[in-house]
Amino acid sequence: MKIKVLYLIAGIIFVAGIAGCILALSAPKTGVVRISQNGMVVREIDISKAEDQFIEMEFEGRKNLIEIKNGEIRVSHADCSDKVCVNMGRLRSGIPIVCLPNRLVIEFAENDFDAVVN
Amino acid sequence: MKAKKMTELALLTGIALVIFVVELQIPNPFPIPGIKLGLANIVTIYAMYHYRACEVMMVVGVRIFLAAIFGGNMTALLYSFAGSVLCVAGMLFLKRIIDSSHIWLSSVFGAVLHNSGQIAVAVFMIGKGIIGYFPFLIVSGCLAGAFTGFCAQLITKRFLKKDISKDKM
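Residues numbered from 1 in each chain as written. Chains lettered and ligands numbered in written order. Predicted model: local features only at pLDDT ≥ 70, side-chain atom pairs only at ≥ 80, totals over all residues. Heavy atoms only, no water.

**A few points about the overall build of chain A**
Scanning chain A from N- to C-terminus turns up three helices and seven strands. The helix and strand sequence of chain A, counted from the amino end, reads α-β-β-β-β-β-α-β-β-α. In chain A, the share of contacts with a sequence separation of at least 24, taken over all contacts with a separation of at least 6, comes to 37%. Surface summary for chain A: the accessible area is close to 6,700 Å², and the carbon and sulfur share equals 57%. (Helix = DSSP H or I, 4+ residues; strand = E, 2+ residues; numbered from the N terminus. Contact = heavy atoms within 4.5 Å. Areas by Shrake-Rupley, 256 points an atom, 1.4 Å probe, with all protein chains shown as cover.)

As structure tokens, then:
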């Protein structure tokens, strides 16, 4: 009996996870990208309008090079060992690009941040 | 602690570390940090159902510390530590409810708890933007947890058949 309840709970967790994935993947793109480091917002850029550029982020001596090109943003270079952030490619959906060692997060900002940017 | 038991625990830790290092060499198709099979946890789950709580904690504690050194990624230590504490605590509790023929179910819960701990540390350290990963971690945790759980269940079954672990039960 208890096992059945636990099966049910596990099933609910799994389905909720899938629903969350779909929700994250279908999150609307706003064009405004927020770059934050160590929990603080460093920059907000409208990449659909911004010109092609490189942004260098530094944290405790380590660097990430962020590239904005043709209205898309990605991490083009990192001096960590695993290169997770580089391998994540361009920012496309609700899944943020992160660099755990350098505490860097690149994500689409919610709509209400347009006002702040303007 | 008897020398025999200490040797067994050291052996388990060693096996887990070997599996961990081998798994490091497998390229990860998912570019999200935290998503991996976690094959080393087969040993954890096996230990969970064959040893006492404090012995399991010792094996896991030593394993994650040495794994961080072998993997050369000390920042990962904090994440795996928080994850492991939650996971071990949760599974030790679930062990009372879930018998050894449903190990994979308890492994699923362990994996989800592990990922929750990791995300909690990540939110604390990096900021809440990272919470977008949580659903992906949960789904991968369920699948990987079920897989490692099945492996551990298989091992337990085989060992019982051969009566190797009779004196540990």
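**Points about the state of the cysteines**
Evaluated as defined, the whole model comprises zero disulfides over all chains. C87 of chain B supplies the cysteine sulfur nearest to C151 of chain B, a cysteine that is in no disulfide, at a spacing of 15 Å. (Disulfide = S-S within 2.5 Å.)

**A short note on the sheet that holds strand 6 (residues 97–99) of chain A**
Within a sheet, neighbouring strands are paired by backbone hydrogen bonds and run either parallel or antiparallel to one another. All names here are of chain A. Strand order across the open sheet formed by four strands is 2-1-7-6, with antiparallel pairing between neighbours. Among the strands making up the open sheet, the edge pair consists of strand 2 (40–46) and strand 6. Neighbour-to-neighbour, the strand axes of the sheet open up by a mean angle of 15 degrees, direction not taken into account. For strand 1 (residues 32–37) and strand 2, the ladder comprises six bridges, and the chain directions are antiparallel. Looking at the pairing, V32 lines up with D46 of strand 2. (Pairing = 2+ DSSP bridges. Axes fitted to C-alpha atoms, helices over the stretch in contact; angles between N-to-C directions.)

**Observations concerning the packing of aromatic side chains**
Counted according to the given criterion, the structure contains three aromatic pairs over all chains. On the basis of an interplanar angle of 50 degrees and a centroid distance of 5.6 Å, the ring pair of Y7 of chain A and W104 of chain B is categorised as tilted. Here the residue Y7 of chain A occupies a position in helix 1 (residues 2–25), and W104 of chain B occupies one in helix 5 (residues 103–126), the pair thus bridging two chains. (Phe/Tyr/Trp six-rings, centres within 6.5 Å; stacked < 30°, edge-to-face > 60°.)

**Regarding the pattern of salt bridges**
Residue and element names in this part refer to chain A. The final tally for this structure, using the stated rule, is eight salt bridges over all chains. Residue E107 is joined to R34 by a salt bridge in which the shortest nitrogen-to-oxygen separation is 3.6 Å. One end of the pair, E107, is in strand 7 (residues 104–108); the other, R34, is in strand 1, and 73 residues separate them in sequence. We note that E107, like R34, is buried. (Salt bridge = Lys/Arg side-chain N within 4 Å of Asp/Glu carboxyl O. Buried < 20%, exposed > 50% of the residue type's maximum accessible area, 1.4 Å probe, protein only.)

**Quick notes on the interface of chain B and chain A**
Taken together, the 29 residues of chain B in the interface contact 29 residues of chain A. For the chain B and chain A pair, buried surface summed over both sides reaches about 2,500 Å², with 81% attributable to carbon and sulfur atoms. Inspection of the chain B/chain A interface yields zero salt bridges. Across the chain B-chain A interface, the total number found is one residue pair in polar contact (both at pLDDT 80 or more). Every element with two or more residues in the side of chain B that touches chain A is listed here: helix 4 (75–94), helix 5 and helix 6 (134–162) of chain B. When residues in the side of chain B that touches chain A are grouped by element, the largest group, seven residues, is from helix 5 of chain B. Considering only residue class, the side of chain B that touches chain A consists of 22 nonpolar, six polar and one charged. (Buried area = accessible area lost by both parts, 1.4 Å probe. Polar contact = N/O pair within 3.5 Å; in protein donor to acceptor, adjacent residues only side chain to side chain. Nonpolar A, V, L, I, M, F, W, Y, C, P; charged D, E, K, R; others polar.)

**A word on the side chain of Q153 of chain B**
Tracing the backbone through its elements, the reader meets Q153 of chain B in helix 6. Beyond its immediate chain neighbours, meaning those up to four positions away, Q153 of chain B contacts S100, S101, H102, I103 and W104 of chain B.

**Side note on the nonpolar core**
If you look at the biggest cluster of nonpolar residues, it comprises 40 residues, and the most contacted ones within it are V33, I35, I66, I73 and I106 of chain A together with Y133 of chain B. In terms of residue count, helix 5 of chain B provides more of this core than any other element does, five residues in total. In contact with I35 of chain A, other than residues within four places in its own chain, are M40, V41, V42, R43, I45, I55, M57, I66, I73, L104, V105 and I106 of chain A. By size, the runner-up hydrophobic cluster in this structure holds 39 residues, among which are C87, L94, I98 and A146 of chain B. (Core = buried A, V, L, I, M, F, W, Y, C linked by side-chain atoms within 4.5 Å.)

**With respect to unusual backbone geometry**
Residues and elements named next belong to chain A. Positive phi outside glycine occurs at E60, with the angle close to 50 degrees. With respect to the helices and strands, E60 occurs in the loop between strand 3 (53–59) and strand 4 (62–69). Exposure remark for E60: the relative accessible area of 62% places this residue in the exposed category. The backbone of R103 sits at a positive phi, close to 55 degrees, despite the residue not being glycine.

**Details of a nonpolar patch on the surface**
Residues and elements named next belong to chain B. A cluster of nonpolar residues, V21, F65, I69, F70 and M74, forms a patch on the protein surface that exposes about 460 Å² of accessible area. The element best represented in the nonpolar patch is helix 3 (residues 53–71), accounting for three residues. Note on placement: V21 falls in helix 1 (residues 3–24). (Patch = residues over 30% accessible without salt bridge, like charges linked within 9 Å, V, L, I, M, F, W, Y side chains within 5 Å.)

**Some details on the confidence of the model for chain B**
The predicted model of chain B averages 87 in pLDDT, with 95% of residues at 70 or higher. Taking the mean pLDDT of every element in chain B, the minimum, 89, falls on helix 6 of chain B and the maximum, 93, on helix 1 of chain B. (pLDDT = per-residue confidence, 0-100.)

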